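Residue-level structural notes
Okay, here's what each chain looks like letter by letter:
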Protein chains: 2
Amino acid sequence: MSFAANNRSYNPPARPIAVLCIDGCADEYISASIAAGKMPRTEAMVRKGYRGMVRGALPSFTNVNNSAIVTGMPPAVTGICGNFFLNPETGEEVMMNGPEFRRCGTLLTAAADAGRKVAFITAKEKLRTVLGDGIVERGGIVFSSEKVNEAKKETHGVDDAESIIGKPRPEIYSGDASVYVLEAGAALVEQGKADFLYLSLTDFMQHKYAPEAPESLEFYGQLDEQIGRLLDAGCIVAATADHGMNAKNKADGSPNVIYVETLLKETFGDNLRVICPITDPYVVHHGALGSLVMVHLEDASKTEEIADFLIRQDGITEVYNREMSALKLELAPDRIGDLTVLCGRDYVVGKTPEHHDLSVLKGGLRSHGGRYEEMVPLLLSEPLNAEYVRKAQGDPRNFDVFDFACNASN
Amino acid sequence: MSFAANNRSYNPPARPIAVLCIDGCADEYISASIAAGKMPRTEAMVRKGYRGMVRGALPSFTNVNNSAIVTGMPPAVTGICGNFFLNPETGEEVMMNGPEFRRCGTLLTAAADAGRKVAFITAKEKLRTVLGDGIVERGGIVFSSEKVNEAKKETHGVDDAESIIGKPRPEIYSGDASVYVLEAGAALVEQGKADFLYLSLTDFMQHKYAPEAPESLEFYGQLDEQIGRLLDAGCIVAATADHGMNAKNKADGSPNVIYVETLLKETFGDNLRVICPITDPYVVHHGALGSLVMVHLEDASKTEEIADFLIRQDGITEVYNREMSALKLELAPDRIGDLTVLCGRDYVVGKTPEHHDLSVLKGGLRSHGGRYEEMVPLLLSEPLNAEYVRKAQGDPRNFDVFDFACNASN
């Protein structure tokens, strides 16, 4: 049965549909893993179906793009422009860890209303709480691998999830936390408990390992096995990523950081604040260092002067004032800073040296958030119809992934 | 024997080295062709060696990036910032079709001076004339497949090139024009006539066909055969691209063009001129429509006002004044406009409707020149040593390809 959400229409076939967000999956991970022979099922899947590139939303962060994917809308509409924002009314830094920060409904509840058996499985608990609202009330299932042991019928739509999956809760700082999400999805489809799934992984492995690292290849091999299980269970499989991932280190291996608040305060005084909207409870991944920060100024008259100062710094690649951030980066003007600051492929921007604990970054920093983590893969198990061949050749977005999964092969 | 060029050092092993510039080769072409089983030699090559992404120079045009590749330097140093520029002294639009426009020497002549048997084979004659200077004088070979029949010992370093290759001159508007370049390279290595090769193809096929089109897969299969020949002849093979390629059409299939000169003259009057630096004699490829143009203003006081007007247009993504173009796009300030204007993934920017002949664009427009054609693949037949593993994880450039070919596997 077809349904609509946020003025977009979805006409999914009756067979099960599994949409995967492979967190931090730069296209190089797919290429390297296929080249190493680690993804035979995915390789065969895209040979029959489709593999191409889609443009994610900026900032190229997890919550921003997961919010876009489950709504089909850019951050300007969802209002989710980072994990953190500075509430202009209170002056407080607020973690957007509940659905009340989101400004539109999800297509997952619309699918459930249309009679689909929806399951939304995440690796990180934060995504469950931010995006899972309304699904359980409509008979669907929502849980995270991080807290799968807490899943209860009333709150998560399912009791005893671990025994359905046949495995105990994995460690959140692991590849298993992601593999488990796909295992859960496959088990739910195999057991007829779900037929419309959003499976959102964690980028712990991608933060830690480059595409050709043996650990990464092994991890993608495990994902491939579960993609195979989903295919064997009759699913249309569509996969994309929330963002890419790049190494962000100096030649000596230390993180290549521009401390924007420190830099600005030296020159312009203390009347400003930098927010790192990548900040989340999972700091081991990235030490709260990404490739985009927001600058909040007490004195708005300095905006253009500071923007000009920033863009002249080595490594800073783009600086937008609030109006231009809304216009060119599709951001919600009241959820961002006076300036949005992006940096190069091998740089991160931070607040102050004291604010970031670099000791958690074993083996160098890999991170995301900027322009060079914007383009991500789109994989689909079905060949595209003529209309979607054309769409794929335009400027398709990662938040079109449900559109492609539901509509591209009819 | 090691050598230096433009303050970079190259320490190539004695075995033959073949560097390929696969014109217009967005990474998707490699992925699609490998997925379709059309590039078995390349697939095996990168499994043993390396495949990753490198950043090209902007504008993402052919001459700009070929100039960067053969010098190891960005456009700020080479001075080649497009195919055309407006000479500020004469007010004339000048095609940079000779070596006198380039501001530094090539590493090809340095390699020849160090005793290497250099061969520089191009598909397009324009590249031979722009970048091939000094090689024949040092005993090397330079010719284009477009005019291979004109090759003479005194001017091209070789007589009767067609019989060395064993095939007659191909049609320039064809995939064969590129395949022929690789055939020529392979023949020269096999016959001991060259051991340090730069083989630069044409993007006729990529302008015409998307990565998964049967014609494209067939073409990449032919390239793969010749890559196999180069490997069989004992070459270190390194391949990159000058730029990527994206479709640039509206939903109805017509080219998605913003006519910048028309737009600006409507609002700001006639005192300005737009230069399309993609313009070259090969207009069938793209109708002189790319994703970057230069705006020249007679009245410099309007610069910021016009920049602000432009950046507010749908599809325009970046606008830089001359100073910022030099600082952030690595361009030579006297070879560019007052404003550098870039557009989105599925847009091109043009001059006026009269200036562009869209009738040459059969089957829709695919083009390049902007930010979304900046990232290109780097393929290498050898595994990277520890130093180059680290380099590859930084912000490697396509104009580091000779560095990788010579130095990465020692």
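What counts, and where the lines are drawn
- Residues numbered from 1 in each chain as written.
- Chains lettered and ligands numbered in written order.
- Predicted model: local features only at pLDDT ≥ 70, side-chain atom pairs only at ≥ 80, totals over all residues.
- Heavy atoms only, no water.
- Domains from an automatic or database assignment.
- Contact = heavy atoms within 4.5 Å.
- Buried area = accessible area lost by both parts, 1.4 Å probe.
- Salt bridge = Lys/Arg side-chain N within 4 Å of Asp/Glu carboxyl O.
- Polar contact = N/O pair within 3.5 Å; in protein donor to acceptor, adjacent residues only side chain to side chain.
- Helix = DSSP H or I, 4+ residues; strand = E, 2+ residues; numbered from the N terminus.
- Nonpolar A, V, L, I, M, F, W, Y, C, P; charged D, E, K, R; others polar.
- Pairing = 2+ DSSP bridges.
- Axes fitted to C-alpha atoms, helices over the stretch in contact; angles between N-to-C directions.
- Core = buried A, V, L, I, M, F, W, Y, C linked by side-chain atoms within 4.5 Å.
- Buried < 20%, exposed > 50% of the residue type's maximum accessible area, 1.4 Å probe, protein only.
- Least-squares fit on C-alpha atoms with pLDDT ≥ 70 in both.
- 1 Å grid on protein atoms, 1.4 Å probe; cavity = no way out; pocket = protein on both sides within 12 Å on 5 of 7 lines; lining within 4 Å.
- Points joined across faces, edges and corners; volume = space filled by probe spheres on them.
- Expected span 1.5 Å × (residues − 1).
- Phe/Tyr/Trp six-rings, centres within 6.5 Å; stacked < 30°, edge-to-face > 60°.
- Lys NZ or Arg CZ within 6 Å of the ring centre and 35° of its normal.
- Parallel < 35°, antiparallel > 145°, perpendicular 65-115°, else oblique.

Size of an interface, as often reported, equals the accessible area lost when the parts are brought together. Residue and element names in this part refer to chain A. Split by domain assignment, chain A resolves into domain 1 (3-245 + 370-407) and domain 2 (257-367). Computed over C-alpha atoms, the centres of domain 1 and domain 2 are 27 Å apart. In this complex, domain 1 contributes 44 residues to the contact, which on the side of domain 2 involves 31 residues. Of the roughly 3400 Å² buried between domain 1 and domain 2, counting both surfaces, carbon and sulfur atoms make up 56%. The salt bridge partner of Arg273 is Glu93, with a shortest N-O separation of 3.4 Å. Linking domain 1 with domain 2 are 15 residue pairs in polar contact (both at pLDDT 80 or more), by the criterion used here. Counting residues per element, the side of domain 1 that touches domain 2 draws most heavily on helix H10 (residues 204-208), which supplies 4 residues.

Another aspect to go through is the interface of chain B and chain A. Taken together, the 39 residues of chain B in the interface contact 39 residues of chain A. For the pair chain B and chain A, the two sides together bury roughly 3100 Å², of which 47% comes from carbon and sulfur. One can count 2 salt bridges joining chain B with chain A. Between Arg312 of chain A and Glu323 of chain B there is a salt bridge; the shortest N-O distance is 2.5 Å. Where chain B touches chain A, the interface holds 24 residue pairs in polar contact (both at pLDDT 80 or more). Secondary structure elements with two or more residues in the side of chain B that touches chain A: helix H1 (27-35), helix H2 (40-48), strand E4 (50-55), helix H13 (303-311), strand E15 (316-321) and helix H14 (322-329) of chain B. Ranked by residues supplied to the side of chain B that touches chain A, first place goes to E4 of chain B with 5 residues. Of the residues in the side of chain B that touches chain A, the class split is 16 nonpolar, 5 polar and 18 charged.

The next thing to look at is the sheet that holds strand E9 (residues 196-200) of chain B. Residue and element names in this part refer to chain B. The mixed open sheet is built from 7 strands, whose spatial order is E4-E19-E10-E3-E9-E7-E8. Unpaired on one side and paired on the other, E4 and strand E8 (141-144) mark the two borders of the sheet. Taken over all neighbouring pairs, the strand axes of this sheet differ in orientation by 15° on average, direction set aside. Two elements, strand E3 (residues 17-21) and strand E10 (residues 236-240), share 5 bridges in a ladder whose sense is parallel.

Generally speaking, nonpolar side chains in soluble globular proteins are found buried as a group. Residues Leu20, Leu108, Phe143, Phe196 and Phe402 of chain A together with Leu310 of chain B are the most contacted members of the largest nonpolar core, which totals 131 residues. At 9 residues, helix H9 (residues 176-190) of chain A tops the list of elements feeding residues into this core. For Leu310 of chain B, the contacting residues outside a window of four places in its chain are Val260, Leu263, Leu264, Val295, Ile316, Val319, Leu339 and Val341 of chain B.

All names here are of chain B. Along the polypeptide, Ser409 turns up in the segment after helix H16 (401-407). Classification of Ser409 by relative accessible area gives partly exposed; the value is 28%. Ser409 sits 193 residues away from Ser216 along the chain, and the two C-alpha atoms are 31 Å apart. Setting aside residues no more than four positions away along its own chain, Ser409 makes contact with Ile236, Glu382, Pro383 and Asn385.

What follows concerns the relation of the copies chain B and chain A. Rotating chain B by 180° and translating it 0.0 Å along the rotation axis places it on chain A, where the RMSD comes to 0.0 Å. In short, the pair behaves as if placed about a two-fold rotation axis. Of the C-alpha atoms belonging to chain B, the one lying closest to the rotation axis is found on Ser31 of chain B, 3.5 Å away.

Before going further, it helps to examine the layout of surface pockets. Of the pockets and cavities examined, the largest pocket occupies roughly 820 Å³. Among the secondary structure elements, those contributing two or more residues to the lining of the largest pocket are helix H13 (303-311), strand E15 (316-321) and helix H14 (322-329) of chain A together with H13, E15 and H14 of chain B. The residue makeup of the lining of the largest pocket, split by class, is 11 nonpolar, 4 polar and 11 charged.

So, on to the pairing of strand E14 (residues 292-297) of chain B. Residue and element names in this part refer to chain B. Extensive coverage of E14 is indicated by the burial of 6 of its 6 residues. Burial along E14 is two-sided: the residues Leu292, Met294 and His296 and Val293, Val295 and Leu297 are all buried. Here 4 bridges tie strand E13 (residues 272-275) to E14, and the two strands are oriented antiparallel to one another. Bridge pairing in E14 places Val274 opposite Val295. Here E14 runs beside strand E16 (residues 339-343); their pairing, made up of 4 bridges, is antiparallel.

We now examine helix H11 (residues 214-232) of chain A. Residues and elements named next belong to chain A. Between the first and last C-alpha of H11 there are 27 Å, a value that for 19 residues agrees with the 27 Å anticipated at 1.5 Å per step. Those residues of H11 that sit buried are Ser216, Leu217, Phe219, Tyr220, Gly221, Leu223, Asp224, Gln226, Ile227, Gly228 and Leu230. Positive backbone phi, approximately 90°, marks Gly234, located one or two places after H11.

Overall, the coordinates contain 62 salt bridges over all chains when judged by the stated rule. Linked by salt bridges that have partners in common, Arg55, Glu318, Arg371, Glu374 and Asp395 of chain A make up one network.

This part takes up H9 of chain A. Helix length check: H9 of chain A (15 residues) gives 20 Å between terminal C-alpha atoms against 21 Å at 1.5 Å per residue, within 8%. Directly after H9 of chain A, the chain includes Gly192 of chain A, whose backbone phi takes a positive value near 70°.

Further remarks concern the packing of aromatic side chains. By the definition in use, this model includes 22 aromatic pairs over all chains. Ring plane angle 55° and centroid distance 5.6 Å describe the contact between Tyr198 of chain A and Phe402 of chain A, whose orientation is recorded as tilted. Taken together, the residues span a long stretch of sequence, with Tyr198 of chain A in strand E9 (residues 196-200) and Phe402 of chain A in helix H16 (residues 401-407) at a distance of 204 residues. For the pair Tyr198 of chain A and Phe402 of chain A, one class covers both residues: buried. Ring geometry for Phe120 of chain B versus Tyr198 of chain B: centroids 5.5 Å apart, planes at 15°, classification stacked. One end of the pair, Phe120 of chain B, is in strand E7 (residues 118-122); the other, Tyr198 of chain B, is in strand E9, with 78 residues separating them in the sequence. For the pair Phe120 of chain B and Tyr198 of chain B, one class covers both residues: buried. In textbook terms, an aromatic cluster arises when at least three aromatic residues are bridged by ring pairs, as seen for Phe3, Tyr10, Phe120, Phe196, Tyr198 and Phe402 of chain A. Here Arg335 of chain B stacks its cationic end above the ring of Phe85 of chain B, 5.0 Å away from the centre of that ring.

To continue, consider the packing of H1 of chain B against helix H11 (residues 214-232) of chain B. Residue and element names in this part refer to chain B. The contact between H1 and H11 brings their axes to 10 Å, and the two run at 85°. Judged by the inter-axis angle, H1 sits roughly perpendicular to H11. Residues Tyr29, Ile30, Ala32 and Ser33 of H1 form the contact with H11, whose participating residues are Ser216, Leu217 and Tyr220. Partitioning the contact of H1 with H11 into residue classes produces 5 nonpolar, 2 polar and no charged.

Glycine aside, negative phi is the norm for most residues, and most peptide bonds take the trans geometry. The step from Leu58 of chain A to Pro59 of chain A runs through a cis peptide bond, and the omega angle for that step is -5°. Tracing the backbone shows Pro59 of chain A in the loop between strand E4 (50-55) and helix H3 (62-71). Even without a glycine there, the phi angle at Asn6 of chain B is positive, about 50°. With respect to the secondary-structure elements, Asn6 of chain B resides in the loop between strand E1 (3-5) and strand E2 (8-10). Non-glycine residue Asp160 of chain B carries a positive phi angle of around 55°. Among the secondary structure elements, Asp160 of chain B is positioned in the loop between helix H7 (153-156) and helix H8 (161-165).

Residue and element names in this part refer to chain A. Read from one edge of the open sheet, 7 strands run E4-E19-E10-E3-E9-E7-E8, paired in mixed fashion. Edge positions in the open sheet fall to E4 and strand E8 (141-144), since each of these has one partner strand only. Sheet twist, expressed as the average angle between the axes of neighbouring strands with direction ignored, equals 15°. Taken together, the 5 bridges between strand E3 (residues 17-21) and E9 define a ladder with parallel strand orientation. Bridged to Ile17 within E9 is Phe196. Across the sheet, helix H2 (residues 40-48) touches E4, strand E10 (236-240) and strand E19 (375-380), and the angle it forms with E19 is around 80°.

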